[in-house]
Amino acid sequence: MKCGLLGGKLGHSFSPQIHGALADYRYTLCEKTPEELDDFLKNGDFTGLNVTIPYKKTVIPYCAELSDQARKIGAVNTIVRRPDGTLLGHNTDYFGFAYLLRQSGIAVAGKKCLVLGTGGASVTVQAVLREQGAQVVAVLPRVITDDQAEDMHAMLSRAAENGVREALVGNMGHIFFARRAGMRVRGDFGLNVFNSFTEGVLQQAGLVSATASFELRVAQIRDLAKAVDTEMIVYGRLPCMITEQCIIRNSAGRCNCTVPNNLADRRGALFPVLPAFGHRNQIFNAHKLYLADKHEDYETAGLWGVRLMFTTETPHECVAVMQSYQGLTDYRPNGLTRGLYYRGVE
């Protein structure tokens, strides 16, 4: 049996070592350019393939048949060559995410779920959450330029077709995209809600909720008039900045956004650098905001909801954090911060 991983840039992958430790078949990296893809899929010598970016959608026309999940999601991450030589496309991400929820004891029925991102994996997550009874909310990127407008409209339209009815926006100009897709609009932290007047303006603009600025003190958030439902970020790495240029490509000479990257300051603190829509980068705080042990403060602030914002955490860390906020464990992340909630902007 000859298997492998098909993708664009695979130098970071540990898949051969993982498969070598778990099984006895040959597993190789199949790094192909778009020009090489057609010949490889038609004439390549393989029994099965895992598929990663940027080809999860590109491979679909080469598959004679798709599994129900792959067809519903519109993305393929596993290809099997059948005895007659034709290709069958699967999407195992669907089962993987469903298994993660089940093993973690997380019930999403009747809850609102934010899906960070609009790529192939996000569509898979949306499908699982929707089938388990959750209400999915699309999150728009922080920056959308004119030449990206139609792509954004196409992605939001696809999300709407998959049952997404609400969008979280961090820019007043992005309300148009959500409304064009027929979605209700919720306000993200980028709208800089610092006072009750701002919330009133957002109410007049038709927003159904807003996120309080994380530069406010908890007492100031408590004093907001709450003209619209108000939420507060209570966990996660807070964003420091977003860059127009990909700093990873500019420093390394090539795009390597699929593996963890960091910026270090002069004291050695590491600031995660994550990819953002439009081949930009978003730089996050070196420390994680943590307020589980301060729950009485935000529970009495008149909030509609609180947000746990996951970025670089492993699945096990996500579960540990969730359990700590549910009062089930005393887990605390290393290098935590209280943000500005208890000291204000100096």
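Scroll up to find the structure this text is about.
Residues numbered from 1 in each chain as written. Predicted model: local features only at pLDDT ≥ 70, side-chain atom pairs only at ≥ 80, totals over all residues. Heavy atoms only, no water.

Details of the sheet that holds strand β14 (residues 261–264)
- Pairing is antiparallel in the open sheet, where 4 strands are placed in the order β13-β16-β15-β14. At either margin of the open sheet sits one strand with a lone partner, and together these are β13 (239–243) and β14. For this sheet, the mean inter-axis angle between neighbouring strands, taken without regard to orientation, is 30 degrees.
- Pairing analysis gives 4 bridges linking strand β15 (residues 270–276) to strand β16 (residues 280–284), with the strands arranged antiparallel. In the sheet register, V273 faces β16, and the bridge partner there is I283. (Pairing = 2+ DSSP bridges. Helix = DSSP H or I, 4+ residues; strand = E, 2+ residues; numbered from the N terminus. Axes fitted to C-alpha atoms, helices over the stretch in contact; angles between N-to-C directions.)

A closer look at helix α6 (residues 149–161)
- In this model, α6 (13 residues) spans 18 Å end to end at C-alpha, consistent with the 18 Å of a helix rising 1.5 Å per residue.
- The positive-phi residue at the C-terminal boundary of α6 is G163, with phi of around 100 degrees. (Expected span 1.5 Å × (residues − 1).)

What to know about the side chain of K288
- Inspection of the secondary structure assignment puts K288 in strand β17 (residues 288–290).
- What makes K288 buried here is its relative accessible area of 8%.
- In contact with K288, not counting residues within four places along its chain, are Y235, G236, R237, T312, E313, E317, P333, G335, L336 and T337. (Buried < 20%, exposed > 50% of the residue type's maximum accessible area, 1.4 Å probe, protein only. Contact = heavy atoms within 4.5 Å.)

Digging into the environment of N262
- Mapped onto the elements, N262 comes out in strand β14.
- Through-space distance from the C-alpha of N262 to that of I248 is 9.2 Å; in sequence the pair is 14 residues apart.
- Apart from the residues within four sequence positions on either side, N262 is in contact with L270, F271, P272 and V273.

Let's talk about the nonpolar core
- Counting 38 residues, the largest nonpolar core has L129, L140, M152, L156, F177 and M183 as its most contacted members.
- Every element with two or more residues in this core is listed here: α4 (93–104), β7 (112–116), α5 (120–131), β8 (135–139), α6, β9 (166–169) and α7 (175–180).
- Dropping the residues within four chain positions of it, L140 is found in contact with M152, L156, A167, L168, V169, H174 and F177.
- In terms of nonpolar packing, the next biggest core, distinct from the first, is built from 23 residues, F189, Y235, Y325 and Y341 among them. (Core = buried A, V, L, I, M, F, W, Y, C linked by side-chain atoms within 4.5 Å.)

Points about the side chain of E166
- Within the secondary structure layout, E166 lies in strand β9.
- Within the local environment of E166, its side chain forms a polar contact with the side chain of R186, the two groups lying 2.7 Å apart.
- What E166 contacts, discounting residues up to four positions off in sequence, is K112, Q135, V136, V137, A138, M183, R184 and R186. (Polar contact = N/O pair within 3.5 Å; in protein donor to acceptor, adjacent residues only side chain to side chain.)

Let's talk about unusual backbone geometry
- In this structure, the amide linkage connecting I53 to the following residue, P54, adopts the cis form with an omega of 10 degrees.
- Among the secondary structure elements, P54 is positioned in the loop between β3 (48–51) and β4 (65–66).
- In this structure, K226 takes a positive phi of about 60 degrees despite not being glycine.
- Along the chain, K226 falls in the loop between α9 (218–223) and β12 (229–236).

Let's talk about a nonpolar patch on the surface
- A cluster of nonpolar side chains, F14, I18 and L22, forms an exposed patch at the surface whose accessible area comes to about 380 Å².
- Take I18: it is sitting in helix α1 (residues 15–22). (Patch = residues over 30% accessible without salt bridge, like charges linked within 9 Å, V, L, I, M, F, W, Y side chains within 5 Å. Areas by Shrake-Rupley, 256 points an atom, 1.4 Å probe, with all protein chains shown as cover. Salt bridge = Lys/Arg side-chain N within 4 Å of Asp/Glu carboxyl O.)

What to know about the sheet that holds β4
- Reading across the sheet, the 6 strands line up as β2-β1-β3-β5-β6-β4 and stay open at both edges, with mixed pairing between neighbours. With one partner strand each, in any of the chains shown, β2 (26–31) and β4 form the two edges of the open sheet.
- In this structure, strand β1 (residues 2–7) lies alongside β2, joined through 6 bridges in parallel fashion. Looking across to β2, one finds that C3 is bridged to Y27.
- Sheet strands touched by helix α2 (residues 34–43): β1, β2, β3, β5 (78–81) and β6 (87–90). Its angle to β1, the strand with the most contacts, is close to 160 degrees.

Looking at the pattern of salt bridges
- Tallied over the full model, the rule gives 15 salt bridges.
- Note that R307 is salt-bridged to D188, the shortest N-O span being 2.9 Å. A residue pair is termed long-range when its members are at least 10 positions apart, and R307 in strand β18 (residues 305–309) and D188 in the loop between β10 (184–187) and α8 (196–204) qualify at 119 residues. The two residues R307 and D188 agree in class, both being buried.
- Ionic pairing is found between D293 and R332, a salt bridge with its closest N-O pair at 3.0 Å. Here the residue D293 occupies a position in the loop between β17 and α11 (295–299), and R332 occupies one in the loop between α12 (315–325) and β19 (336–337), the gap between them amounting to 39 residues.
- By relative accessible area, R332 is classed as partly exposed at 42%.
- Counted as one network, the salt bridges with shared partners bring together E166, R184 and R186.

Don't take any of this as a statement about function, it's just geometry.
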